[in-house]
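Below are the chains, spelled out letter by letter.
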2 protein chains.
Amino acid sequence: MSLPHAAAREDDASTLGVEIYSRLRRDLIAGHLQPGERLRFRQLSASYGVGIAPLREALSRLVSDQLVRFEGHRGYTVAPLSMADLYDLCALRTDLSCKALRQSIERGDDDWEAEILAALHRLERSPLPQSVGERKVSDEWEQRHERFHFSLISACDSPRLLHFCGALSDHFQRYRRAVIVVTSASEELLQRVREQHRAVAEATIARDADRATQILAEHFQGSVEVVARNYEAISRDLASGPVPVRG
Amino acid sequence: MSLPHAAAREDDASTLGVEIYSRLRRDLIAGHLQPGERLRFRQLSASYGVGIAPLREALSRLVSDQLVRFEGHRGYTVAPLSMADLYDLCALRTDLSCKALRQSIERGDDDWEAEILAALHRLERSPLPQSVGERKVSDEWEQRHERFHFSLISACDSPRLLHFCGALSDHFQRYRRAVIVVTSASEELLQRVREQHRAVAEATIARDADRATQILAEHFQGSVEVVARNYEAISRDLASGPVPVRG
DNA sequence: AACAGCCAAATGTTCGAAATTCCAGCGCCT
DNA sequence: AGGCGCTGGAATTTCGAACATTTGGCTGTT
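Criteria and thresholds
- Residues numbered from 1 in each chain as written.
- Chains lettered and ligands numbered in written order.
- Predicted model: local features only at pLDDT ≥ 70, side-chain atom pairs only at ≥ 80, totals over all residues.
- Heavy atoms only, no water.
- Core = buried A, V, L, I, M, F, W, Y, C linked by side-chain atoms within 4.5 Å.
- Buried < 20%, exposed > 50% of the residue type's maximum accessible area, 1.4 Å probe, protein only.
- Contact = heavy atoms within 4.5 Å.
- 1 Å grid on protein atoms, 1.4 Å probe; cavity = no way out; pocket = protein on both sides within 12 Å on 5 of 7 lines; lining within 4 Å.
- Points joined across faces, edges and corners; volume = space filled by probe spheres on them.
- Helix = DSSP H or I, 4+ residues; strand = E, 2+ residues; numbered from the N terminus.
- Nonpolar A, V, L, I, M, F, W, Y, C, P; charged D, E, K, R; others polar.
- Least-squares fit on C-alpha atoms with pLDDT ≥ 70 in both.
- Expected span 1.5 Å × (residues − 1).
- Axes fitted to C-alpha atoms, helices over the stretch in contact; angles between N-to-C directions.
- Parallel < 35°, antiparallel > 145°, perpendicular 65-115°, else oblique.
- Left-handed = near helix turned anticlockwise from the far one by under 90°.
- Salt bridge = Lys/Arg side-chain N within 4 Å of Asp/Glu carboxyl O.

Participant: An account of the nonpolar core is requested, with residue identities and associated values reported.
Facilitator: One finds Leu96 and Phe148 of chain A together with Leu86, Leu96 and Phe148 of chain B to be the most contacted residues of the largest nonpolar core, which totals 86 residues. When residues no more than four places from it in sequence are discounted, the contact partners of leucine 96 of chain A are Leu161, Phe164, Cys165 and Leu168 of chain A together with Leu96 and Phe164 of chain B.

Participant: Please set out empty space enclosed by the protein residue by residue, giving values where relevant.
Facilitator: Counting across every chain of the model gives three cavities of 30 Å³ or more. Taken as a whole, the largest cavity holds about 60 Å³ of empty space. For the largest cavity, the full set of lining residues is Arg93, Glu142, His145, Glu146, His149, Ser169, Phe172, Gln173 and Arg176 of chain B. At the level of elements, helix H7 (135-153) and helix H8 (159-179) of chain B are the ones that each hand at least two residues to the lining of the largest cavity. Residues that form the lining of the largest cavity fall into these classes: one nonpolar, four polar and four charged. Approximately 50 Å³ is the volume found for the second largest cavity. In terms of lining residues, the second largest cavity is bounded by Arg93, His145, Glu146, His149, Ser169, Phe172, Gln173 and Arg176 of chain A. Counting residues per element, the lining of the second largest cavity draws most heavily on helix H8 (residues 159-179) of chain A, which supplies four residues. A class-by-class count of the residues in the lining of the second largest cavity yields one nonpolar, four polar and three charged.

Participant: Residues and numbers for the relation of the copies chain B and chain A, please.
Facilitator: For the pair chain B and chain A, the best superposition has an RMSD of 0.0 Å and corresponds to a rotation of 180° with a translation of 0.0 Å parallel to the axis. Both chain copies can therefore be described as sitting about a two-fold axis. The position closest to the rotation axis in chain B is occupied by the C-alpha of arginine 61 of chain B, lying 2.3 Å away.

Participant: Could you give me a rundown of helix H2 (residues 16-29) of chain A, with the residues and numbers involved?
Facilitator: A turn of α-helix holds 3.6 residues, and therefore any two residues three or four places apart point the same way. Taking 1.5 Å as the rise per residue, H2 of chain A with 14 residues should run 20 Å; its terminal C-alpha atoms sit 20 Å apart, in good agreement. Taken together, the buried positions of H2 of chain A are Gly17, Val18, Ile20, Tyr21, Leu24, Arg25, Asp27, Leu28 and Ile29 of chain A.

Participant: Tell me about the packing of helix H5 (residues 83-107) of chain B against H8 of chain B, and name the residues and values.
Facilitator: Residue and element names in this part refer to chain B. Interhelical geometry of H5 versus H8 gives an angle of 140° and a closest axis separation of 9 Å. Taken as axis vectors, H5 and H8 run oblique relative to one another. Between H5 and H8 the crossing geometry is left-handed. Residue-level contacts link Asp85, Leu86, Leu89, Cys90, Leu92, Arg93, Leu96, Ser97, Lys99, Ala100 and Gln103 of H5 to Leu161, Phe164, Cys165, Leu168, Ser169, His171, Phe172 and Tyr175 of H8. Looking at the contact of H5 with H8 residue by residue, the classes come out as twelve nonpolar, four polar and three charged.

Participant: Could you give an account of the environment of phenylalanine 150 of chain B, with specific residues and numbers?
Facilitator: Residue position: phenylalanine 150 of chain B is located in helix H7. Counting along the chain gives twelve residues from phenylalanine 150 of chain B to leucine 162 of chain B, while the straight-line C-alpha distance between them is 8.6 Å.

Participant: Lay out the pattern of salt bridges with the relevant residues and their values.
Facilitator: Counting across every chain of the model gives 36 salt bridges over all chains. The partner of glutamate 115 of chain B in a salt bridge is arginine 147 of chain B, with the nearest N and O atoms 3.2 Å apart. In this pair, glutamate 115 of chain B sits in helix H6 (residues 110-125) while arginine 147 of chain B sits in helix H7, placing the two residues 32 residues apart along the sequence. Ionic pairing is found between arginine 176 of chain B and glutamate 142 of chain B, a salt bridge with its closest N-O pair at 2.6 Å. Remark: glutamate 142 of chain B occurs in helix H7 and arginine 176 of chain B occurs in helix H8; sequence separation between them is 34 residues. The same class applies to arginine 176 of chain B and to glutamate 142 of chain B, which are both buried. Residues participating in the shared-partner salt-bridge network are Asp139, Glu142, Arg176 and Arg177 of chain A.

Everything listed here is a matter of geometry and, on its own, says nothing about what the molecule does.
If you want it as structure tokens, here you go:
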């Protein structure tokens, strides 16, 4: 184990503050923290094994990322979820991602095409989590899914647009993972999603911007609908029976 | 004692951290801090009269806002400016603002129209700074200008889109104020800008989305060109004669 | 029983100092 | 001369404790 410059460097050059920022961010997006949950310093300090100073730094950044809310003298809380925000988020994400995809299709080179195919392959080979508890499987799939979607738009030469797309993608992922606690997808749905991934990759590499953005938009639209259905189901559950997943 | 709920509340509920965040943010956008300049804690602590803890908090947020850069164990620096970023920024800003304007035109009510007219009036009555040193005049004009542009898109019902527009507007303002140190505008240019403001307000209230977005895009395009010209002039100055404003 | 006011515990905020890391200058070796 | 490693100083990072604010409960009154 000694290999890598990169990893060791990261550890060195990195401070506790940014490390905790990354970990908290991951956990927020993965849904390990309940929306609205208070983020108490004592509790966080114990779970993450760091002092308060780095935590404040990390949480401050997350406030600007809009993943965490802050109220003076009352502490930090996990940003809430809402249907209105979900739709807003997704409309904007669709718009910006399609814009980025068009630019990417205009400018992409051979390496970009190769990366798309590679990412698609990794995604298709990634096993889907069969039960709720399989965090590792779920994390792995999410990472590959994210990477595939990023590969599509990565040739777009607007860093700011990519940044926004990434931020929106993270927020959407939080909705998805918060809501789809049970693998509630039918085989038919899964098949359709896989087909959309293949189709968007194909159209993208064929430089058919209209078709690619069309499929991507449909793909996002489908995802939103699934999330929205699950969200409403969960809201009903919460209203009738108290089923706190955590806390 | 106890009367004013609102005002007292604001002061109370606010922490040093968020207060410093606002002040730093204002100063960054206003160009009082040079791009690339190191932000040393001792120096900041002295100028702003606060300890290191609130400063770290504020700077962390500004990193996520992309107004400040951070390198582990090497501290914080003011985010640099570049022509490439300027064009990227403005292309995206134009796109998103026009999108928001369209939505706003679809949904705006009487109060929205009234606010646009009020903001336009305040902007037209605001004196322009005649010399470099007039910070107060400059701040006042910028605030009214900002408010006018915000009023146009404020009826858009996408909080996230508005947030992005605001962030991009702040970044662009930083370019403008960093670069236009001398009031280098010809009377002709000023007149054209005033005319654009009037025209976009008029078209917006007339619910002519095509015309309004057209004018807004031209307005932004014109601004970019002015900023770009000044930026290049300043770059030449810096290249030929060493004129470090600070540091 | 309901409610205002107050007290104490918990929590968040800020400071000062210790530990760690970077950087520039200097001497030394090739 | 040029490169390498060391070292002293400066800056950043982190912690622990002091300070301030909120919150929930208790008491006493109506």
